[in-house]
Amino acid sequence: MTIVFKVSDNVKEKMIKYYNDLKREKTPPYAIFQAQEADTIITLYESGKVMFQGVCADIDANIWIDLEKKLNNRIIDIKNGKEKKKNDKQVETISRVFDKYNTIGSDEVGTGDYFGPIVVAATFVAKENIEFLNNLKVTDSKALSDDYIIKIAPQIMEKIPYNAFILNNESYNKFYNEDLNMNKIKAILHNKVLYNMVSKNYNYDKIVVDEFAPSYKYYSYLNDVSYKVTNITFVQKAESKCLSVACASIICRYIFLKSMNEMSKELGSDIPKGAGITVDEFAKNLVKEKGFDILNKYVKLNFKNTQKIKEFE
């Protein structure tokens, strides 16, 4: 996996400092540095572009994408590295080819966040509900503010049939291993909520899932699952092209935000989202106050953040 985007000057400074001890000896032409953290190679170019390469490139890139959003109010699409402006109408101009169908679609949230659960949901959107969703300006949850999601999600959940599943951190940490990795977990959970929707016999024409893995790989993850949904249309950027996927992404985000709020109340402090530097600092303080074992309930222990916290101890 390769992810490329341009960073702001203030984020560039933090990036240079962060990767200082992880730099490779040889630097590619026109690069400020090339570093390696675990299985991800990071190259920062003089132009300000940064490239992440490796199996976990998305997780490493999200650290800096989250920081761009926090420090500079920039929203970067991790799939194409392009910035979305506040008044960007790019989403509106994307052809929603699935509006002519009744669709079941699924999406997930939380896979790139150190704290908080993984939430997967599927929805059924009939053609007669498209106008209702358009009036709410429903689109990919990543293009909407959390405040707006909190406002519209209950309206969607009241009118649009859905099924959601929350994988809490303790369960995630219990089952995650080399054989049951993040993509396999995602595939199993997508299959679970899709099967629950299909079982209700809605009059759907197509099942749509955002393509996070090649179709053959997705189905291979389900080899040990008894009940499989196989008639799936896999689409890149499906959240912007199919309303049932967009609704699922909004519902997932809403449930995730509620879960994070509940966890913050338990800990007596607002938990930062993502997997960046602010998350590391929060986790270090939490361990210092309550001990390392507290993390099992609140974080995904396989993330690289855990190793940094262990080194801090």
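Residues numbered from 1 in each chain as written. Predicted model: local features only at pLDDT ≥ 70, side-chain atom pairs only at ≥ 80, totals over all residues. Heavy atoms only, no water.

Could you give an account of the overall build of the protein, naming the residues involved and the relevant values?
Helix and strand counts for the protein stand at 13 helices and 11 strands. Its C-alpha atoms give the protein a radius of gyration of 20 Å, near enough to 20 Å, the size a compact globule of 313 residues would have. Oriented by its inertia axes, the alpha-carbon framework of the protein measures out at about 60 × 40 × 40 Å. A fraction of 69% describes how many contacts in the protein between residues 6 or more apart in sequence connect residues 24 or more apart. (Helix = DSSP H or I, 4+ residues; strand = E, 2+ residues; numbered from the N terminus. Rg over C-alpha atoms; globule rule 2.2 N^0.38 Å. Contact = heavy atoms within 4.5 Å.)

An account of helix H1 (residues 9-18) is requested, with residue identities and associated values reported.
Turning to H1, its buried residues number three or more, namely Val11, Lys12 and Met15. Viewed end-on, H1 has its buried residues packed into an arc of 105 degrees, placing them on one side of the element. Turned more than 90 degrees off the buried face of H1, the exposed positions are Asp9, Glu13 and Lys17. Here the buried face of H1 lies against strand S2 (31-37), strand S3 (40-45), strand S4 (49-53) and helix H2 (57-72). (Buried < 20%, exposed > 50% of the residue type's maximum accessible area, 1.4 Å probe, protein only. Arc of directions from axis to C-beta.)

Could you give me a rundown of the packing of H1 against H2, with the residues and numbers involved?
Angle between the axes and distance between the axes are the two parameters that describe a pair of packed helices. Where H1 meets H2, the closest approach of the two axes is 10 Å, and the angle between their N-to-C directions is 140 degrees. Considered as vectors, H1 and H2 are oriented oblique to each other. The way H1 lies across H2 gives a crossing that is right-handed. Contact residues: H1 offers Asn10, Val11, Lys14, Met15 and Tyr18, while H2 offers Trp64, Leu67, Glu68, Leu71 and Asn72. Residue composition of the contact of H1 with H2, grouped by class: six nonpolar, two polar and two charged. (Axes fitted to C-alpha atoms, helices over the stretch in contact; angles between N-to-C directions. Parallel < 35°, antiparallel > 145°, perpendicular 65-115°, else oblique. Left-handed = near helix turned anticlockwise from the far one by under 90°. Nonpolar A, V, L, I, M, F, W, Y, C, P; charged D, E, K, R; others polar.)

Could you give an account of the nonpolar core, naming the residues involved and the relevant values?
Counting residues in each nonpolar core, the largest one holds 87 residues, and the members touching the most others are Phe5, Phe52, Tyr114, Phe115, Val138 and Ile156. Look past the residues within four positions of Phe5 in its chain and what remains in contact with it is Gly48, Lys49, Val50, Phe52, Ala61, Trp64, Ile65, Ile76 and Gly81. Counting residues in hydrophobic clusters, the runner-up holds six residues, among them Phe98, Val208, Val235 and Val245. (Core = buried A, V, L, I, M, F, W, Y, C linked by side-chain atoms within 4.5 Å.)

Can you lay out the side chain of Glu108 for me, pointing to particular residues and giving the numbers?
Residue placement: Glu108 occurs in strand S7 (residues 103-109). Looking at Glu108, its side chain comes within polar contact range of the side chain of His190, at 2.7 Å. Beyond its immediate chain neighbours, meaning those up to four positions away, Glu108 contacts Val119, Val120, Lys186, His190 and Cys252. (Polar contact = N/O pair within 3.5 Å; in protein donor to acceptor, adjacent residues only side chain to side chain.)

Describe unusual backbone geometry, and please don't skip the residues or the numbers.
With the exception of glycine, the majority of residues adopt a negative phi angle, and the majority of peptide bonds are in the trans configuration. Positive phi outside glycine occurs at Asn201, with the angle close to 60 degrees. Here Asn201 is to be found in the loop between helix H7 (182-198) and strand S10 (206-210). Not every positive phi belongs to a glycine, and Lys237 is a case in point at roughly 55 degrees. Residue classification places Lys237 among the partly exposed positions, given a relative accessible area of 28%.

Can you break down the pairing of S3 residue by residue, with the values?
Burial within S3 is extensive, with five of its six residues counted as buried. Pairing analysis gives six bridges linking S2 to S3, with the strands arranged antiparallel. Bridged to Glu37 within S3 is Thr40. Two strands pair when backbone bridges link them, and S3 and S4 are joined in this way by four bridges, in the antiparallel orientation. (Pairing = 2+ DSSP bridges.)

A description of the sheet that holds strand S8 (residues 118-125) should follow, citing residues and the corresponding values.
Taken in spatial order, the five strands line up as S9-S8-S7-S10-S11 in an open sheet, and their pairing is mixed. What marks the edges here is a single partner per strand, and that holds for strand S9 (162-167) and strand S11 (232-235). On average, each strand axis in the sheet is tilted by 20 degrees relative to the strand beside it, whichever way the strands run. With respect to the sheet, helix H10 (residues 243-267) is in contact with S7, S8, S9 and S10, its orientation differing from that of S7 by roughly 35 degrees.

For the environment of Val125, give the residues involved together with the corresponding values.
Relative to the helices and strands, Val125 resides in strand S8. Assessed through its relative accessible area of 2%, Val125 is described here as buried. Taking the C-alpha atoms as reference points, Val125 and Val245, separated by 120 residues in sequence, lie 9.1 Å from one another.

Which residues make up the sheet that holds S3, and what are the values?
Consider a sheet: its strands pair through backbone hydrogen bonds, and that pairing is either parallel or antiparallel. One open sheet accounts for four strands, arranged S1-S4-S3-S2; its pairing is antiparallel. Every interior strand has two partners, whereas the edge strands, strand S1 (2-6) and S2, have only one. Pairs of neighbouring strands in the sheet enclose a mean axial angle of 15 degrees, with direction left out of account. Against the sheet, H1 engages S2, S3 and S4, with an angle of about 55 degrees to S2.

I'd like a rundown of the packing of aromatic side chains, residues and numbers included.
Within this structure, the stated rule accounts for 16 aromatic pairs. Aromatic side chains Tyr172 and Tyr176 sit 5.3 Å apart centroid to centroid with 35 degrees between the ring planes, which places their arrangement in the tilted category. Tyr172 sits in the buried class, given a relative accessible area of 1%. Classification of Tyr176 as partly exposed rests on a relative accessible area of 26%. Here the aromatic rings of Phe212 and Tyr218 are separated by 5.9 Å at their centres, their planes lie at 65 degrees, and the arrangement is edge-to-face. Taking relative accessible area as the criterion, Tyr218 reaches 1% and is therefore assigned buried. (Phe/Tyr/Trp six-rings, centres within 6.5 Å; stacked < 30°, edge-to-face > 60°.)

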